[in-house]
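Structure assessment
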Amino acid sequence: MKKFLIKGAIVLAVFIAALFTISNIMNKGNTDMTTEMAQATFPVITLHHGGWEINELHGYGDEMDVNYMRECITPLSVGRKLNLTMDTHARQIRELSFEVRSIDGERLIENSKVTDYEEAGGILTASLQLKDLIEDNKEYMLVILVKINGGQEIRYYTRVIHAEEFYTAEKLDYVMDFSGKTFDKEQAKELTKYLESSSKGDNTTFAKVDIHSSFKQVTWGDLNVERLTYPKVTIRELSSQTGSFLLKYYVGIKEGKRTGYFAVEEFYRVRYTAERMYLLDFERRMEQIFDTESDVFGNSSIDLGIMGDEVALKENEGGNVIAFVAGNRLFSYNVVDHKLAFLFGFYNSENKDERALYDQHRIQILNVDEGGNVTFMVYGYMNRGRHEGKTGISVFYYDGTVNTTEELIYIPYYKAPELLLAEVEQLSFVNRDGTVYLMIDNAIYGINVVSRMCETIVKNLQEGCYQVSDSNRMMVWQKGNKLYEGKELVLMNLNTGRQTVISAGRDEVIAPIGFMGEDLIYGIARENDIVLDDTGNIVFPMYCVKIQNETEGILKTYIQENVYVIKGSVEENQIILNRVKKDDDGEYETIPDDHIMNAEVAEKMINNLEVVAIDVYEKITRINLKNEVAKTAVKILTPKEVLFEGGRNVLFEEQDVTLQRYYVYGKGGMEGIFMDVGNAVNLAYDVSGVVVNDAGGYVWQKGGRSTKNQIMAIKGEKATEEKSALAVCLDTMLEFEGISRNVPQLLQSGETVIEILETNLESAKVIDLTGCSLDAVLYYVNQDIPVLIMLEDGSAVLLIGFNEKNTVVMNPENGEVYKVGMNDSKEWFEQNGNRFITYIRTDS
């Protein structure tokens, strides 16, 4: 059913009007304290496919790096056509054109003007037809360029693909039908065959519901819920068999005469077959819109309602003033004066425009001082205001005395907003001198908000060479940024700017492990203990682990005879040490983990968050306050925005970045940034996502795998005394790519597996997937790429095929190609450490 009984656009208008009526009520008695942020002005484009509206595109005022713009993918219709509508929002459209580029943005394939369009009632309708210059089943970047009155050019980005059999309309029919039926328990009975309800599902909260949840939970339990807006559909990923879809809409829950409003986001990953549709993954997240007109104040608490991720909450020393983020809006509350101030949000009483609800930005509280002043950061896509349509970082200061907010600095960013959201999560801190520290593109910057000077503290940080404390106040990095080669660590207190150098002893190497609170944990290894395994990976056995405080020095030293720590991690109040010992032959063998407990209890906030169970809403989040609330005395404030002339832009120093990074995209967008491809694949596997590189090319993706495949060109070859099993496997991989080398001689000369493959596979990127699962690496076999599997005894086999029940291996020990049961293969490879080496072709 492609249309709801109530029109989505009308209901959305009603919802937004109701939402902003609430804000108007908040400001009664404070008419002179309204914000002055400019309203949104950019048109919005909606694409169409198979009778559905898909992929709402928001415009960018800057030319972006297209290889990172991955918010959505749009299938082209027959004849490479794409239909769109544009809500001009009363802007005059002077020119409409488009570019088609390679996915890395380097090659311009087409640049065409669009003259065939109609406009009526503020809605422009157009049909784009791409030239016959693109290949089928290959992704490209489409950039739609809109010139508006005044000459400004606005850009809209989507990936596009042309293919005959992607069954996109059928997949859209399925997810929209599934979503709609969850609101009708009788109709929803048809959905039970798709659910995988089990103990894995959390049936105690509506904040997150997934494929493992119960039928009752998926169908909204006992909530009196009503869908208020038509779902906006974003196609995240698409292949011939599978597709990932994101639906966003709003619901209302009536309670007496009042209605609570909630933002809902649903993720679907489905597989199409001629017989039926399969639901591979489903997740629904729900978050309440914080509504001060409702009874949000308890005797000594503020009820935020159903909340998803952990709520951001900070307080000043003494706990008299708190700041918190709810619904992507920032509030502060003075516990003593009973003043609740709305500090920032793109939607408020002055703005009844749904463009303000676009959520590709975040708010982070940096500091709350003794005067009740709040320093905070807004980063991502700017929905409106002086930076409308731009992506960047704004740092603001709220002055509680005069009730104003002022932008201190703005840092432009030219990659995708979701990438910036992930970057900022790594490190963001403001110190007492007004210096903001950020980690962007593996570099640490210090930006003074007064002088607006930017300093590069350290750059080209490699994964594993640095650590940041949970508070972001302390940071450590390995000097020289060469993993497992560092002679010195630099421990920096970002609050004071003080740096402390920690040196290894003679013939020793030092590496950071993590932080326990603000205390640094690091390990020391002897150079002659460090070895390479058969694949060329470094084994870094630390004979000594130390815990050091910046002011008190060494707090603890961990040393045990003939015991080495190869990895450490911190979980709550304990340090987990993964250990090995040397056997009689000098080889390292795994022994049980050890633990170091932290007896110190973490300091608790005076005002704190609590998740409580409450009637049909199940779990809600509340802020417990230090004082009782005098409800009749509560004042609601909306600060003025300080106006200023000119700009306050700060530019990052341009880095000569040579480090390859891998980006994981999953259910909610960007899930993580890695330099270790194996870590990226592991996360993507867990979140049903994809891994892409800096050029925008796929490195790995979940789904779309055939039920069977075998590289028939690879035949069996038996190892000999002159040619080991490892040499046979490497030789076979090279010959498969048309390369002939004397592999036994290369191995004998001391070259590692990685070095041999990297040197000779010039049109490929060699990747080490040690620690990944068998199921994950079958992706490469499905692409007709063999996978080398290293065995503990120094030999190797090639993984060259699979079906639903078996793998196919080429084993040089007997020279045969044969099947191994899937479960037996999994056990075999796990017992040998899941040491997988393969590659991706880069010339396609």
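In the block above lies the structure referred to throughout.
Residues numbered from 1 in each chain as written. Predicted model: local features only at pLDDT ≥ 70, side-chain atom pairs only at ≥ 80, totals over all residues. Heavy atoms only, no water.

1. Section: the overall build of the protein
Within the protein, the regular secondary structure consists of 11 helices and 57 strands. In terms of overall dimensions, the protein has C-alpha extents of about 90 × 70 × 55 Å along its principal axes. When the 844 residues of the protein are sorted by exposure, 55% land in the buried category. As displayed, the protein has an accessible area near 37,100 Å², and 44% of this comes from carbon and sulfur atoms. The distance from the centre of the 86 positive side-chain charges to the centre of the 129 negative ones in the protein is 5 Å. (Helix = DSSP H or I, 4+ residues; strand = E, 2+ residues; numbered from the N terminus. Buried < 20%, exposed > 50% of the residue type's maximum accessible area, 1.4 Å probe, protein only. Areas by Shrake-Rupley, 256 points an atom, 1.4 Å probe, with all protein chains shown as cover. Lys, Arg positive; Asp, Glu negative; His and termini not counted. Charge placed at Lys NZ, Arg CZ, Asp CG, Glu CD.)

2. Re the sheet that holds strand E34 (residues 508-516)
In spatial order, the strands read E34-E35-E38-E39; together these 4 strands make up an open sheet with antiparallel pairing. Two strands close off the open sheet at either side, each with one partner strand: E34 and strand E39 (553-558). Strand after strand, the sheet turns through a mean of 25 degrees between neighbouring axes, direction not considered. Of the pairings in the sheet, the one linking strand E38 (residues 544-549) to E39 comprises 5 bridges and is antiparallel in character. (Pairing = 2+ DSSP bridges. Axes fitted to C-alpha atoms, helices over the stretch in contact; angles between N-to-C directions.)

3. Here we look at the side chain of Gln548
Note that Gln548 resides in strand E38. Gln548 sits in the buried class, given a relative accessible area of 12%. Reaching out from Gln548, the side chain makes a polar contact with the side chain of Tyr522 at a distance of 2.9 Å. Not counting the four nearest positions on each side in its chain, Gln548 is found in contact with Ile502, Asp519, Leu520, Tyr522, Gly553, Ile554 and Leu555. (Polar contact = N/O pair within 3.5 Å; in protein donor to acceptor, adjacent residues only side chain to side chain. Contact = heavy atoms within 4.5 Å.)

4. Regarding the environment of Glu287
Mapped onto the elements of the fold, Glu287 is located in strand E16 (residues 277-288). Along the primary structure Glu287 and Ile306 are separated by 19 residues, whereas in three dimensions their C-alpha atoms are 5.4 Å apart. Not counting residues up to four positions away in its chain, the partners in contact with Glu287 are Tyr261, Phe262, Ala263, Ile306, Met307, Gly308, Ala326, Gly327 and Asn328.

5. Things to note about the nonpolar core
One recurring pattern in soluble globular proteins: nonpolar side chains tend to sit buried together. Counting 99 residues, the largest nonpolar core has Ile144 and Ile393 as its most contacted members. If one sorts the elements of this core by residue count, strand E9 (residues 140-148) sits on top with 8 residues. Residues contacting Ile144, with those up to four places away along its chain left out, are Ile45, Leu57, Leu84, Leu96, Ser97, Phe98, Leu128, Ile154, Arg155 and Tyr156. (Core = buried A, V, L, I, M, F, W, Y, C linked by side-chain atoms within 4.5 Å.)

6. Observations concerning helix H10 (residues 774-782)
Extensive coverage of H10 is indicated by the burial of 8 of its 9 residues. Looking only at H10, the buried set comprises Leu774, Ala776, Val777, Leu778, Tyr779, Tyr780, Val781 and Asn782. Asp784 sits one or two positions beyond H10 and adopts a positive phi of about 60 degrees.

7. Focus: the packing of aromatic side chains
On inspection of all chains with the given rule, the structure shows 28 aromatic pairs. Judged by centre distance (5.7 Å) and plane angle (75 degrees), the ring pair of Tyr60 and Tyr157 falls under edge-to-face. A residue pair is termed long-range when its members are at least 10 positions apart, and Tyr60 in the loop between strand E2 (52-58) and strand E3 (73-75) and Tyr157 in strand E10 (residues 153-161) qualify at 97 residues. We note that Tyr60, like Tyr157, is buried. Ring geometry for Phe290 against Phe331: centres 5.0 Å apart, planes inclined by 75 degrees, an arrangement best described as edge-to-face. Pair noted here: Phe290 is in the loop between E16 and strand E17 (301-305) and Phe331 is in strand E20 (residues 329-334), with a separation of 41 residues, a long-range link. Note on accessibility: Phe290 and Phe331 belong to one class, buried. Every member of this aromatic cluster is reached through a ring pair, and the members are Tyr174, Phe178, Tyr194, Tyr268 and Phe282. Its guanidinium or amino end placed over the ring of Tyr543, Arg526 lies 3.9 Å from that ring's centre, counting from NZ or CZ. The ring of Tyr685 has Lys702 sitting right over it, with the charged end atom 4.3 Å from the ring centre. (Phe/Tyr/Trp six-rings, centres within 6.5 Å; stacked < 30°, edge-to-face > 60°. Lys NZ or Arg CZ within 6 Å of the ring centre and 35° of its normal.)

8. Digging into empty space enclosed by the protein
Applying the stated criterion across every chain, the model contains 6 cavities of 30 Å³ or more. Taken as a whole, the largest cavity encloses approximately 140 Å³ of empty space. Taken together, 15 residues line the largest cavity, and the ones lying closest to its centre are Tyr60, Met69, Glu71, Tyr157 and Tyr358. Classifying every residue of the lining of the largest cavity by side-chain character gives 9 nonpolar, 3 polar and 3 charged. Of the pockets and cavities examined, the second largest cavity occupies roughly 120 Å³. For the second largest cavity, the lining is made up of 13 residues, of which Phe344, Arg384, Arg386, His387 and Phe396 are closest to its centre. A per-class count over the lining of the second largest cavity returns 6 nonpolar, 3 polar and 4 charged. (1 Å grid on protein atoms, 1.4 Å probe; cavity = no way out; pocket = protein on both sides within 12 Å on 5 of 7 lines; lining within 4 Å. Points joined across faces, edges and corners; volume = space filled by probe spheres on them. Nonpolar A, V, L, I, M, F, W, Y, C, P; charged D, E, K, R; others polar.)

9. A closer look at the pairing of E17
Counting buried residues in E17 gives 4 out of 5 residues, a clear majority hidden from the surface. As judged from the 4 bridges shared by E17 and strand E44 (residues 618-624), these two strands associate in the antiparallel manner. In the strand pairing of E44, Gly305 is matched with Thr621.

10. Considerations on the packing of helix H7 (residues 725-736) against helix H9 (residues 753-760)
Interhelical geometry of H7 versus H9 gives an angle of 20 degrees and a closest axis separation of 11 Å. The angle between H7 and H9 places the two elements in the roughly parallel class. Crossing angle aside, the handedness with which H7 passes H9 is right-handed. Contact residues: H7 offers Leu726, Leu730, Met733 and Leu734, while H9 offers Val753, Ile756, Leu757 and Asn760. (Parallel < 35°, antiparallel > 145°, perpendicular 65-115°, else oblique. Left-handed = near helix turned anticlockwise from the far one by under 90°.)

11. Focus on the pattern of salt bridges
Evaluation of the coordinates by the stated rule reveals 40 salt bridges. When the shortest N-O distance is used, the salt bridge between Glu99 and Arg101 registers 3.1 Å. Comparing Glu99 with Arg101, the two get one shared label, buried. Within the structure, one salt-bridge network assembled from shared partners comprises Lys208, Asp281, Glu283, Arg285 and Lys667. (Salt bridge = Lys/Arg side-chain N within 4 Å of Asp/Glu carboxyl O.)

12. Looking at the state of the cysteines
If you walk through the whole model with that rule in mind, you get 0 disulfides. Here Cys465 is not disulfide-linked; the sulfur of Cys544 is the nearest cysteine sulfur, at 19 Å. (Disulfide = S-S within 2.5 Å.)

13. Things to note about the sheet that holds strand E27 (residues 435-440)
Ordered in space as E26-E27-E28-E29, the 4 strands form an open sheet in which the pairing is antiparallel. If you trace the sheet from one side to the other, it starts and ends with strand E26 (428-430) and strand E29 (454-458), each paired once. Taking each pair of neighbouring strands and ignoring which way they run, the sheet shows an average axis angle of 20 degrees. Along the sheet, helix H5 (residues 417-426) makes contact with E26 and E27, crossing E27 at roughly 120 degrees.

14. Structural notes on the environment of Ser503
Checked against the element boundaries, Ser503 lands in strand E33 (residues 498-503). In this structure, the C-alpha to C-alpha distance between Ser503 and Ile789, residues 286 residues apart in sequence, is 38 Å. Ser503 has contacts with Lys487, Glu488 and Ile510, leaving out every residue within four places of it along the chain. Side chain to side chain, Ser503 and Glu488 meet in a polar contact 3.4 Å long.

15. Focus: the side chain of His58
The topology assignment puts His58 in strand E2. You can call His58 buried: its relative accessible area is 8%. One polar contact links His58 to Glu56, side chain to side chain, over a distance of 2.9 Å. Sequence-distant contacts of His58, that is, excluding residues within four places in its chain, are made with Val44, Arg155, Tyr156, Arg355, Tyr358 and Tyr381.

Any link to function would need more than the numbers given here.
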